There are 2 protein chains.
Amino acid sequence: MPSGVDKPALQVLHCLVEHVGPFREGEHLFRAHEAFGAIFAVRGGTVKTRLIDSLGREQVLGFYLPGEMVGLNGIHPDHYPCDAVALDSVYLCRFSFRALETLAARIPGIQQQLFRLLSKDIGVASLLAGDFSADERVAAFLVSIADRFAARGFSTSALHLSMPRSDIANYLRLAAETVSRVLRRFQDQGLISVAGREVKFTAPQALRALARNVLTT
Amino acid sequence: MPSGVDKPALQVLHCLVEHVGPFREGEHLFRAHEAFGAIFAVRGGTVKTRLIDSLGREQVLGFYLPGEMVGLNGIHPDHYPCDAVALDSVYLCRFSFRALETLAARIPGIQQQLFRLLSKDIGVASLLAGDFSADERVAAFLVSIADRFAARGFSTSALHLSMPRSDIANYLRLAAETVSRVLRRFQDQGLISVAGREVKFTAPQALRALARNVLTT
DNA sequence: CGCTCCGCTTGACCTGGATCAGGGCGCTGC
DNA sequence: GCAGCGCCCTGATCCAGGTCAAGCGGAGCG
């Protein structure tokens, strides 16, 4: 959990934290419509959230990297509004929400932190709502993933994508073919170098320039 | 404020509520980057939230009808992330957020209500993120507005749009011309009847069918 | 009255990205 | 070994919706 929670609060937190995992690729942390009971912090691996609509089509809603929280958006309707699926081997901390909520009433730090996390998710969701070009979307996706890894101390010049192209495409509301073509073109333009799921940033500034309109939203 | 807050809580609430308005068409409730201090409940009129990007282009983020809350998404960064502009004559209740937050720590009802409202906004934001056709978007927009008016006891068979076509189009990430054409076609198909900003629903079920994929997300 | 302005509509055309179709490569299992 | 299967790439075609350009009608106003 990010800063803003002091030492004593953290100790109390330990009482209601439970280490869970590993989940294997394809396994569910929770499913849509299940009763809402807990939120999860990713310790290792990657999680995607998604929705299956009435026609059986998948809608990818988000990716969660180590250090990030999954499941917050289940608070309102009191049940999870989406599936959460492991993309590789995933390790988690499980926070019982009932206990957390009670605790939040007494420790202002936690309450504020929850408000912050919730409010932040709204911003991220609206990130994809704009009408951006395929180039802007893909650039913003790469920059966003890179920044989030960087915030956890990982390399800033290269990254490993733990999801297939089809998930990226679905998340960005593009066709998989388009993602493929854009990545190819970025490579031809010298912005990145791609080998399967490994990406190196060769001109990070130029990539950021492309992503700017999307991310400053 | 919706149900879920009991009588005594409401009385305490009255201490920190302030009636403000009227705001005239085009006036700002708050602007992006201003310090976050309060959330607002619309009593009358319509508010739009929007963002002006670095190139000066407007992005409409949402519309708020009587009975709805504006400004919640300012909690996280501690300043408002968007402008809020009156579309007609707007009357509001202003809630100081500092006081509300302190109060929330003591009265569980309020805290839960805030969590619910925040969490609900996430859902609404992701409503526009999907890749839907122009028809689906326009239908969903009309149904959504109608339902929200209906929830406040207004007519279910007709409504008045208080925003220009260009705002609707911008919000739905379409061109104004497209909105115009879709409305025209809906009318030709007997789904609605349009006269300027007045809309009558002549085949509400068919319209709902079109909107279903978008709204059940 | 007639004028201009602005929101709205309509038509003609263009284009970014979806779709369709095919092919390669690296798994795993036999 | 090779067959089968995911995943990924690439080219050819198509179309929804954007863009451009032009009228139209109501509101404010000299």
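What counts and how
- Residues numbered from 1 in each chain as written.
- Chains lettered and ligands numbered in written order.
- Predicted model: local features only at pLDDT ≥ 70, side-chain atom pairs only at ≥ 80, totals over all residues.
- Heavy atoms only, no water.
- Near = heavy atom within 4 Å.
- Polar contact = N/O pair within 3.5 Å; in protein donor to acceptor, adjacent residues only side chain to side chain.
- Axes fitted to C-alpha atoms, helices over the stretch in contact; angles between N-to-C directions.
- Helix = DSSP H or I, 4+ residues; strand = E, 2+ residues; numbered from the N terminus.
- Parallel < 35°, antiparallel > 145°, perpendicular 65-115°, else oblique.
- Contact = heavy atoms within 4.5 Å.
- Nonpolar A, V, L, I, M, F, W, Y, C, P; charged D, E, K, R; others polar.
- 1 Å grid on protein atoms, 1.4 Å probe; cavity = no way out; pocket = protein on both sides within 12 Å on 5 of 7 lines; lining within 4 Å.
- Points joined across faces, edges and corners; volume = space filled by probe spheres on them.
- Domains from an automatic or database assignment.
- Buried < 20%, exposed > 50% of the residue type's maximum accessible area, 1.4 Å probe, protein only.
- Arc of directions from axis to C-beta.
- pLDDT = per-residue confidence, 0-100.

Caption draft 1: Structural view of the protein's contact with DNA strand D. Taken together, 15 residues form the shell around DNA strand D, and within it A:Arg165, A:Ser180, B:Ala134, B:Thr178 and B:Arg181 come nearest. Among all atoms of DNA strand D positioned within 4 Å of the protein, those belonging to sugar or phosphate total 62%. Contact between DNA strand D and B:Ala134: a phosphate oxygen at 2.7 Å from a main-chain N or O atom of the residue. One of the side-chain nitrogen or oxygen atoms of B:Glu177 is found 3.2 Å away from a base nitrogen of DNA strand D.

Caption draft 2: Examining the packing of helix 5 (residues 165–172) of chain A against helix 6 (residues 176–188) of chain A more closely. All names here are of chain A. Across the interface, helix 5 lies against helix 6 with an axial gap of 8 Å and an inter-helix angle of 100 degrees. Judged by the inter-axis angle, helix 5 sits roughly perpendicular to helix 6. Judged by residue contacts, Arg165, Ser166, Ile168 and Ala169 of helix 5 engage Ala176, Val179 and Leu183 from helix 6. By residue class, the composition of the contact of helix 5 with helix 6 is five nonpolar, one polar and one charged.

Caption draft 3: Structural context of the layout of surface pockets. Taken as a whole, the second largest pocket holds about 230 Å³ of empty space. Lining the second largest pocket we find 14 residues, and of these A:Asp131, B:Asp53, B:Arg57, B:Glu58 and B:Gln59 sit closest to its centre. For the lining of the second largest pocket, the secondary structure elements donating two or more residues are strand 5 (58–64) and helix 5 (165–172) of chain B. Per-class residue counts for the lining of the second largest pocket are four nonpolar, four polar and six charged. Structurally, the lining of the second largest pocket is a two-domain feature, drawing no fewer than three residues from each of domain 1 (7–127) and domain 2 (134–215) of chain B.

Caption draft 4: View of the protein's contact with DNA strand C. Around DNA strand C, the surrounding shell holds 16 residues, and the nearest of these are A:Ala134, A:Thr178, B:Arg165, B:Ser180 and B:Arg184. When the atoms of DNA strand C within 4 Å of the protein are sorted by group, sugar and phosphate make up 65%. The separation between a base nitrogen of DNA strand C and a polar side-chain atom of A:Glu177 is 3.2 Å. In the environment of DNA strand C, a phosphate oxygen lies 3.2 Å from a nitrogen or oxygen atom belonging to the side chain of B:Arg197. If you list the elements that add at least two residues to the surface near DNA strand C, you get helix 6 of chain A together with helix 5 and helix 6 (176–188) of chain B. For the surface near DNA strand C, the leading source of residues is helix 6 of chain B, giving four residues. Per-class residue counts for the surface near DNA strand C are four nonpolar, four polar and eight charged.

Caption draft 5: Spotlight on helix 7 (residues 204–215) of chain A. The complete set of buried residues in helix 7 of chain A reads A:Leu207, A:Ala211, A:Asn213 and A:Val214. Angularly, the buried residues of helix 7 of chain A cover 145 degrees about the axis, an arc narrow enough to put them on a single face.

Caption draft 6: Seen up close, the confidence of the model for chain A. On average, chain A scores 85 in pLDDT, and the residues at 70 or more come to 88%. In the model of chain A, helix 1 (residues 7–15) of chain A stands out as the element of lowest mean pLDDT, 58, in contrast to helix 6 of chain A, which has the highest, 96.

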